[in-house]
Amino acid sequence: SGGGNMADDEAVELEPTIQNLLDQQSLKWIFVGGKGGVGKTTTSSCIAVELSRVRGSVLIISTDPAHNLSDAFNQKFTKEPTKVNGFENLHAMEIDPESDVDKFSMGLEGVAGAEFIKDLMKSMPGIDEAMSFAEMLKLVQTMEFDVIVFDTAPTGHTLRLLQLPATIEKGLGKFAEMKSKFGGMFGGLQQMMGGGAVPDEAAMTNSLEQSKRMIEEVNLQFKNPDLTTFVCVMIPEFLSLYETERLVQELTERDIETHNIVINQVVFPDKTAESPCKLCQARVKMQQKYIDQALILYEDFHVVKMPLLPNEVRGQQALNDFAKMLRTPYAP
């Protein structure tokens, strides 16, 4: 909406809630991202809680090694989906892309030289992550959840998933190159070891190809706005606004739908206090500047403002209460 008089602009203002995510029954993947310390896990947990009220089955996955989902729900989660206490249709799982690559078989059970292949994989940057993500997606797709919420890790890149097919492509190229260089050696080894533990290149190439195909399919899903959306989480400060703008631009470049922004840690002035606290007043003023900028930058987004609370949002009751504010704007 460019110029136009005020009345027009008022009319098209999008509601400052996540109701659109709850209404869009076709959504299958919801990514929640933003830099560290902006309240991503709380936000994604609350989105999952709200979704569980309107969708058949919900899975929330954290790829953050800090395992903060367990902290948010006060319940231990593992790399298997576990039912969240107090919910019938909400499951949570935490995966650590770094360490789980060892546990993933990569479809190489019983293949000669599987260990060698795994070591080779690890020497290719990003391949381990690609493979562990592919394995996880395979797992998730067999479980048939209606909607999956990703609490993405702040480190590295949320959007690395989209580069995975290219990464695997590179890996396959490297592998072919090695084979042509050392092809004779593989054969020689075989005779030395009596035809035993020699890497089965076909199996490995096949395993990589399969993962690549699967990731490509999923990437198509990620770029389909009926199936996938990205929720950007920020706090009303300069650096966070800047990071969010970079994230939104990158998502747009990669054709990933994003139309929800959650601004956490907003200080609402205490109207009941006799003498308002100086620090709070200063914070309110400072924050308002960045909130106003966000509202201008993201006028075609649903921008949700969430209050800074006196205590941490942990445990089911706190999450439920906080989640309600995503649906109904907070009014102190």
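None of these values were measured; they are calculated from a predicted model.

(A) Focus on the overall build of the protein chain. Looking only at helices and strands, the protein chain features 12 helices and eight strands. In the protein chain, of all internal contacts separated by at least 6 residues, the share reaching a separation of at least 24 is 78%. Surface summary for the protein chain: the accessible area is close to 16300 Å², and the carbon and sulfur share equals 54%.

(B) Expanded view of unusual backbone geometry. Even without being a glycine, N74 presents a positive backbone phi close to 55 degrees. Mapped onto the secondary structure, N74 falls in the loop between α4 (68–73) and β3 (82–83). The partly exposed category is assigned to N74, whose relative accessible area is 49%. A positive phi angle, near 60 degrees, is found at Q265, a position not held by glycine.

(C) Representation of the nonpolar core in the model. Grouped together as the largest cluster of nonpolar side chains are 39 residues, with contacts concentrated most on I61, M136, F150 and I261. Those residues in contact with F150, other than ones at most four positions away along the chain, are W29, I30, F31, V32, I61, F133, M136 and L137.

(D) Main features of the packing of helix α3 (residues 40–54) against helix α12 (residues 316–327). Their axes nearest at 9 Å, the elements α3 and α12 cross at an angle of 80 degrees. Judged by the angle between their axes, α3 and α12 are roughly perpendicular. Here T42, T43, S45, C46, I47, V49, E50 and R53 of α3 come into contact with α12, specifically with L319, N320, F322, A323, K324, L326 and R327. Residue composition of the contact of α3 with α12, by class: seven nonpolar, four polar and four charged.

(E) Representation of the environment of P225 within the structure. Note on placement: P225 falls in the loop between α9 (201–222) and β6 (228–234). Overall, P225 belongs to the partly exposed group, its relative accessible area being 39%. For P225 and E257, which are 32 residues apart along the polypeptide, the C-alpha to C-alpha distance reads 5.4 Å.

(F) How the structure looks around helix α11 (residues 278–297). A rise of 1.5 Å per residue sets the reference length of α11, with its 20 residues, at 28 Å; its end C-alpha atoms lie 29 Å apart and thus fit the reference within 8%. Residues of α11 that are buried make contact with β6, α10 (238–253), β7 (260–266) and β8 (302–307).

(G) Inspection of the packing of aromatic side chains at higher detail. Enumeration according to the criterion identifies 10 aromatic pairs in this entry. A ring pair is formed by F31 and F150, whose centres lie 4.8 Å apart and whose planes are at 5 degrees; its orientation type is stacked. Taken together, the positions of F31 in strand β1 (residues 29–33) and F150 in strand β5 (residues 147–151) put the pair 119 residues apart, joining distant regions of the chain. The exposure class of F31 is buried, given its relative accessible area of 5%.

Basis of the calculations
Residues numbered from 1 in each chain as written. Predicted model: local features only at pLDDT ≥ 70, side-chain atom pairs only at ≥ 80, totals over all residues. Heavy atoms only, no water. Helix = DSSP H or I, 4+ residues; strand = E, 2+ residues; numbered from the N terminus. Contact = heavy atoms within 4.5 Å. Areas by Shrake-Rupley, 256 points an atom, 1.4 Å probe, with all protein chains shown as cover. Buried < 20%, exposed > 50% of the residue type's maximum accessible area, 1.4 Å probe, protein only. Core = buried A, V, L, I, M, F, W, Y, C linked by side-chain atoms within 4.5 Å. Axes fitted to C-alpha atoms, helices over the stretch in contact; angles between N-to-C directions. Parallel < 35°, antiparallel > 145°, perpendicular 65-115°, else oblique. Nonpolar A, V, L, I, M, F, W, Y, C, P; charged D, E, K, R; others polar. Expected span 1.5 Å × (residues − 1). Phe/Tyr/Trp six-rings, centres within 6.5 Å; stacked < 30°, edge-to-face > 60°.

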